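Working through the structure, step by step
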Amino acid sequence: MFNLVKGTHDVILDEAQKYTYIENVLQNTAQLFGYKEFRTPIIETSELFLRSVGDSSDIVRKEMYTFEDKGGRSITLRPEITAGIVRSMVNAKLFAMQDYPVKGYYTGPCFRYERPQQGRYRQFNQFGIECIGITSPHRDAEVISMGFDSLVFLGFENVTLKINTLGDDESRENYKKALRDYFGSHIENMCNDCKERYQLNVLRILDCKDPDDQEIVKNAPKISDFLSENAKQSFETIKKDLDFLNIPYEVDESLVRGLDYYSGVVFEFHYTSSKGKNYGAIGAGGHYGKLVSEIGGPEVEGCGYAMGIERLASVMSDDNLFEDLTDTTDIYVMPLGERATAASLGIANYLRVSGYNCEVCLEGKGMSQMFKKAERRNALYAIIVGDNELDNDEFVIKNLASQEQFKVSSDDLLKKLDELLNFEGRKHFECCDGDCDCDGDCDCAESEENKGCCCSHKE
Ligand code: ATP
Ligand code: MG
C-alpha cells in the first residue's frame, strides 16, 4: 500500500463525474461569452511567479513547489494559472493583433504547499478565465457577471459576492502610507506574518486571518477615503452595472486578495452550504493593471477569476445540487451460451455506434446473476440473446423497471429502442436502408427528407 502525498486526494468514480460536470458547465458558460480554451504547462520557470504573483504574497513566500531540474533550471509547479495564460498570450503574440480584449479560459491542477484542511489541498483544481485588453469598467462588470452566471448555471441560489476596489496606483500608494502609519503603533503586538507583511506589502495585513489581528484591522483606515476620482468612478460604474444586472453584492473594504498583481476591482464568491460548513471562497478574482507588461506584453489591463473545483464539488454535494447527475447504462446485453456471447460483442458495438451506452456480460453467467449485474449498473433495458433468438433473427428487450418484455426482429431493434429510450435525431437510412451500391453516386440524399442518409455519408 502506498499512501497519498499529504494534501492530495484522488478524484475517482462519482466524484470524478461531479468534477467533469462542474468543469463542463463553467467551460460552456465561458464559451457563451466568447472565451477560447488555453492549456498551458503545469511547470513554469520560477521567475514567472516571482514577477507576477509577487514576492510579498503568501504563495511566493511559502507555498510554492520549487525545484531545480537536472539542467539546473529553477522550475515551479504552478500555484495558479493566470501567469501561465498571460505568458502564453505574450509568447503567441496574441496582443500584436490588437483585437482586444483577448479572452481565454483554462481548467487544471494547481499546487500550493499550504496546511491541508477543509477545502484546502496541496494539489487542487481551478477553472478560470482571463480577459485582457480592458479599457472600460463595463468589461470588469461583465467578467464578474459571468462568474456569477456560471454559479447560477451550476444551480447556486444564494451566492454572496463580495467586492472591493484597490484603486489605481496613486490611490493605493496613498492608502499604503496611511496603513503604515496606522499599523506602525500596533505591529509589535501582531502575528509574525503581519510583521513580515508590514515590511513587504502592508496591504496584505488586511487579509490576516488571526482573530486578534482582525480586531486591529477593523479600525484601520479605509481605502474608500483614498480613492482618486478615476478609481472612484470606475468602481461606481461596476456597481451600477451589477445593480442593473440584478446581481447582489456586498462591498467589503477588507478584501485585498492574496496575489500582488491586483489593482482596481477585486471580488470573491462565497457560499455557506446548508450543512453550515465553510470551505472558504469558491471563486475569486479581480482586475490587474501591470501583470501583462510585467510578463513582457504591452501595457494593457486585464481582469479574471478562478473557481476552486474541490470547493464547488463539496458545497454542491452538501446541498444536493448534483441531483440531475444520473449514471445509467442504457442497455445491458445478456447472452446465453457461447455462441450468443460472441454474437453479443457485435450487437453491443452496433448499439454503441448507434448512440447507446451499452455493456455486455462476457463472463458466461446465468440469467439471475446477469439481472443483478444489470441492476448494479443502473441499466434501463436488457437485451436477451440466446440460440433461439439468433436462429430466428430476433431479440428480447426487457424494461428492467417495469419488467415489460418485447420481442423484436433484428431489423426493428433500433427503431424499437429509439422509441423506448426516446432517442431523437437518429439519422435513419430511409432511402436505401444503408445497403445500396450507389457509392454516393445517386441523388437520393439530395432531397430534404433524406438528408444524412447513407449515400450522403459515402460522399
Ligand atoms: P484562500 O483565501 O481561500 O486561500 P486564495 O485567495 O488563495 O484563496 P485564489 O488564489 O484566488 O485563492 O484561487 C481561486 C480559488 O481557488 C479560491 O477561491 C478557492 O476556491 C480555490 N483555492 C485556492 N487555494 C486552494 C487550496 N489550497 N485548495 C483548494 N482550493 C483552493
Ligand atoms: Mg490562499
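Details of the structure are given in the entry above.
This write-up is about the structure you can find in this document. What you are looking at is a predicted structure, and each value in this text was computed from that prediction instead of being measured.

Our next topic: the sheet that holds strand 12 (residues 329-335). Here we have 5 strands laid out as an open sheet, ordered 13-12-14-15-16, and mixed in their pairing. Because the sheet does not close on itself, it has two edges, and the strands there are strand 13 (358-360) and strand 16 (405-409). Sheet twist, expressed as the average angle between the axes of neighbouring strands with direction ignored, equals 25°. The sheet contact formed by strand 15 (residues 394-399) and strand 16 spans 5 bridges and is antiparallel. From the neighbouring strand, Val396 faces strand 16, where its bridge partner is Lys407. In the packing of helix 13 (residues 367-376) onto the sheet, contacts are made with strand 12, strand 14 (379-385) and strand 15, and the angle to strand 12 comes to roughly 165°.

Taken together, the 8 strands give an open sheet; going across it, the order is 1-5-6-11-10-9-7-8, and neighbouring strands pair in mixed fashion. Two strands in the sheet have a free side with no partner beyond their single neighbour: strand 1 (36-37) and strand 8 (250-251). Where strand 7 (residues 160-165) meets strand 8, 2 bridges bridge the pair, whose relative direction is parallel. Its bridge partner lying in strand 8, Lys162 is registered against Glu250.

Okay, the pairing of strand 12 next. Within a regular strand, side chains alternate between the sheet's two faces. Of all 7 residues making up strand 12, 7 are buried, and the element is well covered by its neighbours. Sheet analysis places strand 12 next to strand 14, joined by 6 bridges and oriented parallel. Note on strand 14: the bridge partner recorded for Thr329 is Ala379. As paired strands, strand 12 and strand 13 are joined by 3 bridges and run parallel to one another. Bridging from a neighbouring strand, Tyr332 pairs with Glu359 of strand 13. Of the crossover connections in this fold, the one passing from strand 12 over helix 12 (residues 338-353) to the parallel strand 13 is right-handed.

Moving on, we get to helix 6 (residues 169-184). The terminal C-alpha atoms of helix 6 lie 22 Å apart, and with 16 residues this matches the ideal 22 Å at 1.5 Å per residue to within 8%. For helix 6, the complete set of buried residues consists of Ser171, Arg172, Tyr175, Lys176, Ala178, Leu179, Tyr182 and Phe183. All buried residues of helix 6 project into a common sector of 170° when viewed along the axis, lining one side. Summarising the geometry of helix 6, the exposed residues directed more than 90 degrees from the buried face are Glu170, Lys177 and Asp181.

Rules used in this analysis
Residues numbered from 1 in each chain as written. Chains lettered and ligands numbered in written order. Predicted model: local features only at pLDDT ≥ 70, side-chain atom pairs only at ≥ 80, totals over all residues. Heavy atoms only, no water. Pairing = 2+ DSSP bridges. Helix = DSSP H or I, 4+ residues; strand = E, 2+ residues; numbered from the N terminus. Axes fitted to C-alpha atoms, helices over the stretch in contact; angles between N-to-C directions. Contact = heavy atoms within 4.5 Å. Buried < 20%, exposed > 50% of the residue type's maximum accessible area, 1.4 Å probe, protein only. Right-handed = clockwise from strand over helix to strand, strands pointing away. Expected span 1.5 Å × (residues − 1). Arc of directions from axis to C-beta.

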